[in-house]
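Take a look at the letters that make up each chain.
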Amino acid sequence: MEKKIRVLVGKAGLDGHDRGAKVIASALRDAGFEVIYSGLHQTPEMIVEAALQEDVDVIGLSILSGAHMTLFPKIKKLMEEKGMNDVLLTGGGIIPPDDAKALEEQGTGKLFGPGSESGEIIAYIKDWVAKNRS
Amino acid sequence: MNNGYLDKVIAQKKQWREAKQQKTRDRDAKFVTVSSEPIKDLYTPDDSQDVDFFEDIGFPGEFPYTRGIHHNMYRGRLWTMRQFAGFGMAKDTNERFKYLLKHGQDGLSVAFDLPTLMGVDSDDPKSEGEVGTCGVAIDSLADMEVLFEGIPLDKISTSMTINSPAAILLAFYICVAEKQGVPQEKLRGTLQNDILKEYTAQKEFIFPPEPSMRIIVDSVEYCTKHVPMWNTISISGYHIREAGSTAVQELAFTLADGFAYVEACIERGLDIDEFAPRFSHFFNSHIDFFEEIAKFRAARRIYAKRMRYKYGAKNEKSWKLRFHTQTAGCSLTGQQPENNIIRTAFEAMAGVLGGTQSLHTNSLDETWALPSEYAAKIALRTQQIIAYETGVVNTIDPFAGSYFMESLTNKMEQEAEEYFERIDALGGVIPAIEKGFFQRDIAKAARKYQDEIEAKDRLIVGVNSHKEKDEKLDIPILRIDEKVTKEQIDSLNKMKTGRNQVSVDESLNQLREAARDGSNLMPRFIECAKAYATIGEMIDVLKVEFGVYKEPIIF
């Protein structure tokens with residue numbers, strides 16, 4: 001049997017908007033992923049620690065609070081410090097296109113804005129894992 | 001209505017439907033509301049035959065208030081145009097407030113940033129990246145003084161969207177007023193102060209439900225005695241809907257939360273007819289026009305009946321469900337954002353036709369950022385066009401008597417009643433929260449909605465239909481200056497060096513004592529505020545006493 005892709009769906013910072021995170025978490029689960037949901041109000045350290053513990057292939061962050069320019073880079077940096085260079089950091093939320101572009105240039109994976117379909121996200125993750133995780 | 005008449009209607013409708021099926025074919029589409037409620041092709045007198053004009057509809061300003069809570073509705077006074085605003089430091093938001101007042105807004109509505117909502121100070125590591133980003137940063141009374149500088153608090157009403165630390169922000173407001181020479185008896189405004197929907201929807205909780213309820217009842221008790229014109233709780237369905245609920249769930253869960261506050265205040269020994277007239281509600285107005293209007297009408301009727309017959313309220317003011325409406329942020333799209341102006345206008349119109357007392361219209365850019373000044377002005381203008389140009393304000397509750405509207409209103413009332421029974425069977429609102437009942441139903445509805453969009457059973461213009469190729473975002477985006485965090489922390493540090501540490505410690509000690517001995521916390525919050533203790537300092541004291549809440553994980 002093919003190994004299931006393991007994803008940590010994370011809510012970092014003080015943001016409580018969890019509609020998107022939960023919809024994506026359940027859609028990924030139905031698509032055959034192993035999904036771990038971090039719960040709310042997690043610090044970047046807690047997110048990265050949980051990702052390490054759970055040995056995930058992907059961290060997907062949902063940020064609707066406007067703190068994305070702080071939280072994505074911080075989590076990326078912590079991942080690098082822990083040697084998690086083969087783990088994908090992706091996500092979505094209220095992120096203007098210019099910010100998404102800047103974050104992607106800094107090494108974050110693709111970010112999904114309002115109106116994204118779960119099918120696109122599933123395809124993106126499967127493709128990334130096939131190319132980058134062996 | 002005599003049965004012969006209805007029989008004739010039913011017989012002729014059958015013939016009509018046969019003819020319709022012979023001559024025409026409906027499009028291949030699902031005729032359901034945004035909440036997936038099926039809607040018939042035609043409504044006739046038999047659909048609303050259970051509706052008794054006197055019992056169920058009646059007259060505006062009279063029980064059960066289906067048609068509105070005032071005798072004259074908008075022929076007397078228009079709704080309050082109240083745009084929610086807040087970003088950056090207090091001085092930035094103070095400028096926006098003055099801008100909105102200058103352009104004809106009637107009341108203020110403060111959006112606080114997440115650290116303020118969560119009771120942590122701007123210099124706390126948890127606040128990193130969040131200071132002033134989705135609301136204004138308030139750490140202490142000093143910030144609140146800047147926020148309302150030059151705005152006379154005896155002339156304006158202020159709504160504050162704040163929940164876990166609501167009583168603390170109210171204490172700040174009372175202190176600012178006192179400095180302006182305005183006694184607390186004269187203050188008008190609304191505190192959201194609705195913790196129950198935090199556990200089910202907005203998720204900005206701090207303490208477990210029981211001590212949270214105690215703080216709320218403390219603030220209600222205090223205001224009933226000392227700030228009599230203040231709306232103590234704004235029982236909110238808005239966030240429940242934004243979290244993905246259906247219209248009926250929003251209606252039922254919100255009203256259930258409200259009744260839980262009523263019961264908690266009665267249990268404290270407060271007189272329902274003293275506190276209930278200051279309860280208000282806050283609903284979402286989503287894109288499904290008729291369903292929303294029916295929801296507002298059903299809400300008033302259910303509330304009036306329960307307050308009168310179940311809780312025994314005798315004061316008419318206790319029976320009246322007053323509400324604020326905000327158009328649905330979750331209905332807006334990032335794609336072709338100008339289309340959001342149209343969505344918001346329809347939603348706002350539904351709020352007005354549903355008899356709202358105040359209204360916030362969302363800005364076209366809200367799926368990308370906080371509103372720019374440009375977008376905020378269009379949103380306000382939308383309300384002004386409805387009020388002054390469309391003529392909908394001329395007559396009261398114009399949809400009353402519509403076979404469709406009355407049947408839909410009835411159906412929503414019945415479905416809400418079924419939810420109340422299920423909540424009662426679980427032991428009430430708090431046990432139902434602990435069992436994850438609301439959270440599970442809301443998450444299911446949110447997932448279903450998304451699935452319908454992805455299956456194209458539900459079309460959203462610009463998202464899964466009528467898309468534009470290579471669309472570029474071409475609207476101004478409000479950016480919060482990165483300097484805000486540093487400036488806010490500097491200002492907090494400066495404030496701390498200038499205050500009397502002995503008074504701070506003393507007031508915090510008294511707060512701790514009151515938390516332990518069960519006496520009302522409001523006077524203690526006011527003393528802490530006057531000593532310039534920060535929100536974080538007060539909340540930290542209470543976290544030790546009350547503990548912190550961890551939610552069940554459900555998805």
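Residues numbered from 1 in each chain as written. Chains lettered and ligands numbered in written order. Predicted model: local features only at pLDDT ≥ 70, side-chain atom pairs only at ≥ 80, totals over all residues.

1. Here's the deal with the overall build of chain A
Check the secondary structure of chain A and you find five helices and five strands. Written out in order from the N terminus, the α and β elements of chain A read β-α-β-α-β-α-β-α-β-α. For chain A, the C-alpha radius of gyration of 13 Å lies close to 14 Å, the compact-globule estimate for 134 residues. Each of the three principal axes of chain A carries a C-alpha extent, and together these read 40 × 35 × 25 Å. (Helix = DSSP H or I, 4+ residues; strand = E, 2+ residues; numbered from the N terminus. Rg over C-alpha atoms; globule rule 2.2 N^0.38 Å.)

2. Digging into the sheet that holds strand E4 (residues 88–93) of chain A
Residue and element names in this part refer to chain A. The five strands lie next to each other as E2-E1-E3-E4-E5, forming an open sheet whose pairing is parallel. A single partner strand is all that each edge strand has here, and the edge strands are strand E2 (34–37) and strand E5 (111–112). Relative to strand E3 (residues 58–63), strand E1 (residues 6–10) runs parallel, the two sharing four bridges. Its bridge partner being in E3, Val 9 is matched across the sheet by Gly 60. (Pairing = 2+ DSSP bridges.)

3. Here we look at the sheet that holds strand E10 (residues 358–360) of chain B
Each strand in a sheet pairs with its neighbour through backbone hydrogen bonds, running either in the same direction (parallel) or in the opposite one (antiparallel). Residue and element names in this part refer to chain B. What the five strands build is an open sheet, ordered E1-E10-E9-E8-E7; its pairing is parallel. Taken across any chain shown, the strands that pair with only one partner, and hence form the sheet edges, are strand E1 (80–81) and strand E7 (233–236). Of the pairings in the sheet, the one linking E1 to E10 comprises two bridges and is parallel in character. Bridge pairing links Thr 80 to Ser 358 in E10.

4. Let's talk about the environment of Gly329(B)
Residue and element names in this part refer to chain B. On the secondary structure map, Gly 329 appears in the loop between strand E9 (323–327) and helix H14 (339–353). Overall, the presence of 18 C-beta atoms within 10 Å leaves Gly 329 in the partly exposed class. Separated by 153 residues in the primary sequence, Gly 329 and Val 176 place their C-alpha atoms 32 Å from one another. Not counting residues within four places of it along the chain, the set of residues in contact with Gly 329 comprises Glu 242, Asn 362 and Glu 366. (Buried ≥ 20, exposed ≤ 12 C-beta atoms within 10 Å, placed from the backbone. Contact = placed C-beta atoms within 7 Å.)

5. Considerations on the pairing of E2(A)
Working note: regular strand, side chains alternate between the two faces of the sheet. Residues and elements named next belong to chain A. Only one face of E2 is buried, namely the one carrying Val 35 and Tyr 37, since none of Glu 34 and Ile 36 on the opposite face is buried. Relative to E2, E1 runs parallel, the two being bridged by four bridges. Looking at E2, one finds that Val 7 is bridged to Val 35. Following the chain from E1 across helix H1 (residues 19–30) to the adjacent parallel E2, one finds a crossover that is right-handed. (Right-handed = clockwise from strand over helix to strand, strands pointing away.)

6. Description of the domain arrangement of chain B
Residue and element names in this part refer to chain B. As far as domains go, chain B holds domain 1 (53–438) and domain 2 (495–546). Counting from both sides, the interface comprises 25 residues of domain 1 and, opposite them, 17 residues of domain 2. When contributions to the side of domain 1 that touches domain 2 are tallied by element, the ones reaching two or more residues are helix H5 (141–147), helix H6 (166–180) and helix H8 (209–226). (Domains from an automatic or database assignment.)

7. As for the interface of chain A and chain B
Often, the extent of an interface is quoted as the loss of accessible area upon association of its parts. Counting residues at the interface gives 29 residues for chain A, matched by 32 residues for chain B. In terms of residue count, the dominant contributor to the side of chain A that touches chain B is H1(A) (five residues). Class assignment for the residues of the side of chain A that touches chain B results in twelve nonpolar, twelve polar and five charged. (Nonpolar A, V, L, I, M, F, W, Y, C, P; charged D, E, K, R; others polar.)

8. Looking at the confidence of the model for chain B
Looking at chain B as a whole, the pLDDT averages 96, with 100% of positions reaching at least 70. The complex prediction reports pTM at 0.96, with the ipTM value standing at 0.94. (pLDDT = per-residue confidence, 0-100.)

9. Section: H6(B)
All names here are of chain B. Here H6 is 15 residues long and its end C-alpha atoms lie 21 Å apart, about the 21 Å a rise of 1.5 Å per residue gives. Burial within H6 is extensive, with twelve of its 15 residues counted as buried. Within the span of H6, buried status applies to Ala 166, Ala 167, Ile 168, Leu 169, Leu 170, Ala 171, Phe 172, Tyr 173, Ile 174, Cys 175, Val 176 and Ala 177. Where the residues of H6 are buried, they touch H5, strand E4 (157–161), strand E5 (188–191), H8, helix H21 (522–530) and helix H22 (535–546). Just downstream of H6, Gly 181 is the residue with a positive phi angle, here 85°. (Expected span 1.5 Å × (residues − 1).)

10. A closer look at the pairing of strand E3 (residues 108–111) of chain B
Residue and element names in this part refer to chain B. Along E3, one buried face is formed by Leu 108 and Val 110 and the opposite face, lined by Ser 109 and Ala 111, is buried too. With two bridges joining them, strand E2 (residues 84–85) and E3 adopt parallel strand pairing. Within E3, the residue paired with Ala 85 across the bridge is Val 110.

11. Notes on the nonpolar core
Val7(A), Ala171(B), Phe172(B), Phe525(B) and Met538(B) are the most contacted members of the largest nonpolar core, which has 182 residues in total. Each of domain 1 (53–438) and domain 2 (495–546) of chain B contributes no fewer than three residues to this core. Apart from the residues within four sequence positions on either side, Phe172(B) is in contact with Leu141(B), Met144(B) and Ala529(B). (Core = buried A, V, L, I, M, F, W, Y, C linked by C-beta atoms within 7 Å.)

12. Examining unusual backbone geometry
In this chain, Phe63(B) is followed by Pro64(B) through a cis amide linkage whose omega measures 0°. Take Pro64(B): it is sitting in the loop between helix H2 (53–57) and E1. Of note in the backbone geometry, His41(A) takes a positive phi value of approximately 60° without being a glycine. The topology assignment puts His41(A) in the loop between E2 and helix H2 (44–54). On the basis of neighbour counts, which here come to 22 C-beta atoms within 10 Å, the residue His41(A) falls in the buried class. Even without being glycine, Lys456(B) reaches a positive phi, approximately 60°. One can find Lys456(B) in the loop between helix H18 (437–454) and helix H19 (483–498).

13. Points about the packing of helix H10 (residues 247–268) of chain B against helix H12 (residues 289–310) of chain B
All names here are of chain B. As a packed pair, H10 and H12 sit with axes 10 Å apart at the nearest point and diverge in direction by 25°. It follows from the interaxial angle that H10 and H12 lie roughly parallel. Handedness of the crossing formed by H10 with H12: right-handed. Residues Ala 247, Leu 251, Leu 255 and Phe 259 of H10 pack against Glu 291, Glu 292, Lys 295, Ala 298, Ala 299, Ile 302, Tyr 303 and Arg 306 of H12. Tallied by class, the residues present in the contact of H10 with H12 amount to eight nonpolar, no polar and four charged. (Axes fitted to C-alpha atoms, helices over the stretch in contact; angles between N-to-C directions. Parallel < 35°, antiparallel > 145°, perpendicular 65-115°, else oblique. Left-handed = near helix turned anticlockwise from the far one by under 90°.)

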